[in-house]
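So the chains spell out like this:
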Amino acid sequence: MTGIAVLGTFAAGCGSSAAGGHATGASTSPSRPATVTPVTEAQAKTIFARYQKVNNQANAQVSDELLRSNETGPMLEADLAGNKRIRGKHEKKISAFFYRNPQFYIPRTSAPAWFAVTAAETESGNTELLVFVDTGGGSYKAAVGVWLAKGKKFPAIARNSDGSATAVTAGDALGAGGKISDYLTTAAAGKQPAAGLAPGPLTSKLGKNWAKAVKRTNGGLRWAGGTSWKVRPQPVYALKTADGGALVASVSIQTLTYTAIRQNVWYQPDSAFFGLGPKRYYNRFSGERLWEFATHVPPSGQADVVASASHATSATGS
């Protein structure tokens, strides 16, 4: 029998293992309150501190219940998958994490209410952008967490006279996630993606790496298939930037599908899928990775994907 491993995790994107902060939730949208009451910065600081405390407790106990009390959306979905891998001894427990120098960005008019934080993880120094959402009755949970890519920086966020931020709720910028998905799908197929996204670790480099992985698997004439990305239709969180553009947080699902074209062969996916399904597949394999992206969309010119997180969430096959 022949085993073929596929490169599934790239240094271009940092997930929970990059700084140990979290693994990520269900695709249901947060409930929409009848009126919007944004938090004050003092309240946001309290919510952020609680997030660190409860998630550290959840990680120490490998507790799904505690995660559900503290997270929602894509963050929860990925973290629950991470806990499954940890319980199966395929991943180490997440070490305690803390942040320094948090910066808070609080829109005043968005519904449901939400706010964003950028902060450096104390031990690694890596910078994360997190989004916290009011899931009903002023109960905030972390929904998104993306890590700044090497060599990139977050754009300056526009501030109003009262220090608040402005949520971008309409316009072409909100389609950034779809453009990233189309770009990576085309690049992974070995084709030239459409213009519009700046080259970098989360676009040109990531696409080329996946194209090599697909070619490596298909090149053995034992398995055939490929990979594609599709933007997830769920809330997109976007802040107006100082240049008049937007910083957009979006979520995409990457699907890997391979089918055996010879008998008596086996396929081993990237170890990130271990614990979510068997380690070896003999007829077919289908796996999903959840990708969170943060993209700076300027008023003109190419959009720049500056941050990401990637987590394997499912694996099936036979």
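Thresholds, definitions, all that
Residues numbered from 1 in each chain as written. Predicted model: local features only at pLDDT ≥ 70, side-chain atom pairs only at ≥ 80, totals over all residues. Heavy atoms only, no water. Core = buried A, V, L, I, M, F, W, Y, C linked by side-chain atoms within 4.5 Å. Buried < 20%, exposed > 50% of the residue type's maximum accessible area, 1.4 Å probe, protein only. Helix = DSSP H or I, 4+ residues; strand = E, 2+ residues; numbered from the N terminus. Contact = heavy atoms within 4.5 Å. Phe/Tyr/Trp six-rings, centres within 6.5 Å; stacked < 30°, edge-to-face > 60°. Expected span 1.5 Å × (residues − 1). Salt bridge = Lys/Arg side-chain N within 4 Å of Asp/Glu carboxyl O. Axes fitted to C-alpha atoms, helices over the stretch in contact; angles between N-to-C directions. Parallel < 35°, antiparallel > 145°, perpendicular 65-115°, else oblique. Left-handed = near helix turned anticlockwise from the far one by under 90°. Nonpolar A, V, L, I, M, F, W, Y, C, P; charged D, E, K, R; others polar. Arc of directions from axis to C-beta. pLDDT = per-residue confidence, 0-100.

Focus on the nonpolar core
Side chains of nonpolar character tend, in soluble globular proteins, to be buried together.
Right, so step 1: Judged by nonpolar contacts, the single largest core of 37 residues is most densely connected at Leu184, Trp210, Val248, Tyr258, Phe273 and Phe285.
Right, so step 2: Looking at this core, the elements that each hand over two or more residues are helix H5 (176-188), helix H6 (204-218), strand S6 (223-231), strand S8 (246-260), strand S10 (284-297) and strand S11 (304-317).
Right, so step 3: Every residue in contact with Val248, bar those within four places of it in the chain, is listed here: Ala173, Ala176, Val236, Tyr237, Ala238, Phe293, Ala294, Thr295 and Val297.
Right, so step 4: Among the nonpolar cores identified, the runner-up in size contains 21 residues, and Val133, Val146, Leu148 and Ala165 belong to it.

Section: the packing of aromatic side chains
Right, so step 1: One pass over the full model with this rule turns up 17 aromatic pairs.
Right, so step 2: On the numbers, 6.4 Å between centres and 45° between planes, the contact of Phe104 with Phe115 is tilted. With Phe104 in strand S2 (residues 99-105) and Phe115 in strand S3 (residues 114-121), this residue pair connects regions lying 11 residues apart in the sequence.

Brief notes about helix H2 (residues 41-61)
Right, so step 1: An ideal rise of 1.5 Å per residue puts 30 Å on 21 residues; H2 measures up with 30 Å between its terminal C-alpha atoms.
Right, so step 2: Ala44, Ile47, Phe48, Tyr51, Gln52, Val54, Asn55, Asn56, Ala58 and Asn59 are the residues of H2 that are buried.
Right, so step 3: Along its buried surface, H2 packs onto helix H3 (64-70), helix H4 (73-87), S2, S3, strand S4 (127-134) and strand S5 (140-148).
Right, so step 4: The first or second residue beyond H2 is Val62, which carries a positive phi of 50°.

Structural notes on the pattern of salt bridges
Right, so step 1: Following the criterion strictly, the structure yields 6 salt bridges and no others.
Right, so step 2: Residue Arg87 pairs with Asp64 through a salt bridge whose shortest N-O separation is 3.1 Å. Remark: Asp64 occurs in helix H3 and Arg87 occurs in helix H4; sequence separation between them is 23 residues.
Right, so step 3: Given a relative accessible area of 46%, Arg87 falls into the partly exposed group.
Right, so step 4: The partner of Arg108 in a salt bridge is Asp162, and the shortest N-O contact between them spans 4.0 Å. Placement of Arg108 in the loop between S2 and S3 and of Asp162 in the loop between S5 and H5 is noted, with a sequence separation of 54 residues between them.
Right, so step 5: We classify Arg108 as partly exposed; its relative accessible area is 33%.

Brief notes about the packing of H5 against H6
Right, so step 1: Axis separation between H5 and H6 bottoms out at 7 Å; the angle between their running directions is 40°. It follows from the interaxial angle that H5 and H6 lie oblique. Crossing hand, H5 versus H6: right-handed. Contact with H5, carried on its side by Tyr183, Leu184, Ala187 and Ala188, involves Ser204, Leu206, Gly207, Trp210, Ala211 and Val214 of H6 and no other residues of that element.
Right, so step 2: Of the residues belonging to the contact of H5 with H6, the class tally is 8 nonpolar, 2 polar and no charged.

Overview of H5
Right, so step 1: When the terminal C-alpha atoms of H5 are compared, their 18 Å separation across 13 residues agrees well with the 18 Å that a helix rising 1.5 Å per residue should span.
Right, so step 2: Burial in H5 covers these residues: Ala176, Gly177, Ile180, Ser181, Tyr183, Leu184, Ala187 and Ala188. Along the long axis of H5, the arc covered by the buried residues comes to 165°, so they all point the same way. When the buried face of H5 is taken as reference, the exposed residues oriented beyond 90 degrees from it are Lys179 and Asp182.

Notes on the confidence of the model for the protein
One rule of thumb: low pLDDT means the predicted coordinates there are not for detailed reading.
Right, so step 1: On average, residues of the protein score 89 in pLDDT, and 88% of them are at 70 or above.
Right, so step 2: pLDDT under 50 marks residues 1-21. Its contacts with residues more than four places away, or in other chains, come to 72 contacts.
Right, so step 3: Of the regions scoring below 50 in pLDDT, residues 23-34 engages in 48 contacts with residues more than four places distant in sequence or in other chains.

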